[in-house]
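Structural overview
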Amino acid sequence: MEKNNRPDTPCVAVCSTTFDDVCRGCGRTVAEVADWVFMSQEQKDLVWDRILSEGYPRRN
């Protein structure tokens, strides 16, 4: 997914951090989810790069 075509957020409304602090839907940590609106675009791009390389976001 090219940076210019990314949605505003990786959230896919499949929120679950039951077993650890990583959301099973988007792959972000609890802190990243909470801080997302305060992050710079550069910080968001780093998170996007990491979660995409890990196979996120997931819709199931």
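This text follows the structure it describes.
Residues numbered from 1 in each chain as written. Predicted model: local features only at pLDDT ≥ 70, side-chain atom pairs only at ≥ 80, totals over all residues. Heavy atoms only, no water.

**Some thoughts on the nonpolar core**
The biggest cluster of nonpolar side chains holds six residues, and these are W36, M39, V47, W48, I51 and Y56. Excluding anything up to four places from it in sequence, W36 contacts D8, T9, P10, R28, K44, V47 and W48. (Core = buried A, V, L, I, M, F, W, Y, C linked by side-chain atoms within 4.5 Å. Buried < 20%, exposed > 50% of the residue type's maximum accessible area, 1.4 Å probe, protein only. Contact = heavy atoms within 4.5 Å.)

**Observations concerning the side chain of R6**
On the secondary structure map, R6 appears in the segment before α1 (30-35). Looking at R6, its side chain comes within polar contact range of the side chain of D49, at 2.8 Å. Among residues more than four places away in sequence, those in contact with R6 are M1, D45, W48, D49 and L52. (Helix = DSSP H or I, 4+ residues; strand = E, 2+ residues; numbered from the N terminus. Polar contact = N/O pair within 3.5 Å; in protein donor to acceptor, adjacent residues only side chain to side chain.)

**What about the side chain of D45?**
Inspection of the secondary structure assignment puts D45 in helix α2 (residues 41-53). We classify D45 as buried; its relative accessible area is 17%. With residues near it in sequence (within four places) discarded, D45 still touches K3 and R6.

**Focus on α2**
The first and last C-alpha atoms of α2 sit 18 Å apart over 13 residues, in line with the 18 Å expected at 1.5 Å per residue. Those residues of α2 lying buried are K44, D45, V47, W48 and I51. For α2, the arc enclosing every buried residue in end-on projection is 165 degrees, short of the 170-degree limit, so these residues lie on one face. Counted as exposed and oriented over 90 degrees from the buried face of α2: E42, L46 and S53. Once α2 finishes, G55 follows within two positions and takes phi at roughly 90 degrees, a positive value. (Expected span 1.5 Å × (residues − 1). Arc of directions from axis to C-beta.)

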